[in-house]
Amino acid sequence: MTPFKFTKILHLKEHEKQKALHEYEEARSQFEEVAEKLYHFLKQKEDYEEQHKQQLQSGLAIQHIRSFQHFMSNLQRVIDHYQHLVMQARQHMELKQLKLVELNVEVKKYEKIKEKHDEIIATQMRIAEQKQMDDISIQQYCYRETR
């Protein structure tokens, strides 16, 4: 029985796939973290706008309106920054996902080659066993005939 000659390559590819999976999970986690922060700031902006809207109906000082507008413009800058970070994190995550898919395909190719190799070996063994059984049968027949 001949050993599978691509065993080391298969193990290497499986290791690369596991590493890529870990990197993808890490990138996905970073994306989720940044996206949650963005959501937090968007929710905060929405809540402050609703609160400000209610305060406007009851009347506010000009100074308070100005400070609110200044606060909202700063908050919008933070939101813009996090939107940019979310886009970068999404792109990074998608790149890691593509790499993972490519490595997964490579591993599957080597696994398929190994399956075919194992099938060929099993077939060769069955043929060899059948030959051996035929030889034994012939020897037994000849032995009976000579008696």
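Residues numbered from 1 in each chain as written. Predicted model: local features only at pLDDT ≥ 70, side-chain atom pairs only at ≥ 80, totals over all residues. Heavy atoms only, no water.

Once that is clear, we can look at the packing of aromatic side chains. The relation between two aromatic rings is expressed through the spacing of the ring centres and the mutual angle of the planes. Scanning all chains against the criterion turns up three aromatic pairs. Consider the rings of F6 and Y110, whose centres lie 6.0 Å apart with planes at 65°: the pair is edge-to-face. With F6 in the segment before α1 (7-58) and Y110 in helix α2 (residues 62-146), this pair connects stretches of sequence that are 104 residues apart. With 5.2 Å between their ring centres and 40° between their planes, F41 and Y82 make a pair best called tilted. (Phe/Tyr/Trp six-rings, centres within 6.5 Å; stacked < 30°, edge-to-face > 60°. Helix = DSSP H or I, 4+ residues; strand = E, 2+ residues; numbered from the N terminus.)

The next thing to look at is the UniProt feature "coiled-coil region" (unreviewed entry) in the protein. UniProt's feature table lists "coiled-coil region" (unreviewed entry) at residues 10-37, given in the numbering used throughout. Structurally, residues 10-37 is divided into 100% helix and 0% strand, and its ends, taken at the C-alpha atoms, are 40 Å apart. (UniProt positions renumbered as here; feature names shortened; annotations may be inferred.)

Turning our attention to α1. Look at α1: 76 Å from first C-alpha to last across 52 residues, which is about the 76 Å you get at 1.5 Å a residue. Taken together, the buried positions of α1 are occupied by L10, K13, A20, Y24, A27, F31, V34, L38, F41, K45 and H52. Of the surrounding secondary structure, the elements contacted by the buried residues of α1 are α2. Immediately beyond the C-terminal end of α1, within one or two residues, lies G59, with a positive phi of roughly 100°. (Expected span 1.5 Å × (residues − 1). Buried < 20%, exposed > 50% of the residue type's maximum accessible area, 1.4 Å probe, protein only. Contact = heavy atoms within 4.5 Å.)

Once that is clear, we can look at the side chain of K96. With respect to the element layout, K96 can be found in helix α2. Polar side-chain contacts of K96 include one of 3.2 Å to the side chain of E23. Apart from the residues lying within four places of it in its own chain, the contact partners of K96 are E23, Y24 and A27. (Polar contact = N/O pair within 3.5 Å; in protein donor to acceptor, adjacent residues only side chain to side chain.)

Before going further, it helps to examine the side chain of K45. Its place among the elements puts K45 in helix α1. No salt bridge is formed by the buried K45. Its closest oppositely charged neighbour is E49, at 4.1 Å. Side-chain polar atoms of K45 contact the side chain of Q76, separated by 2.4 Å. Once residues lying within four places of it in the same chain are set aside, the contact partners of K45 are M72, L75, Q76 and I79. (Lys, Arg positive; Asp, Glu negative; His and termini not counted. Salt bridge = Lys/Arg side-chain N within 4 Å of Asp/Glu carboxyl O.)

On to the pattern of salt bridges, then. Tallied over the full model, the rule gives ten salt bridges. Here E23 ties to K96 by a salt bridge, and the two come within 3.2 Å at their closest N and O atoms. On the criterion of sequence distance, the pair formed by E23 in helix α1 and K96 in helix α2 is long-range, its members being 73 residues apart. In this structure, D118 and K114 form a salt bridge, with 3.2 Å as the shortest nitrogen-oxygen distance. Residue D118 and its partner K114 are located together in helix α2, separated by four residues, close to a single helical turn. Using a relative accessible area of 36% as the deciding quantity, one classes D118 as partly exposed. The structure contains a network of salt bridges with shared partners spanning K13, E16 and E106.

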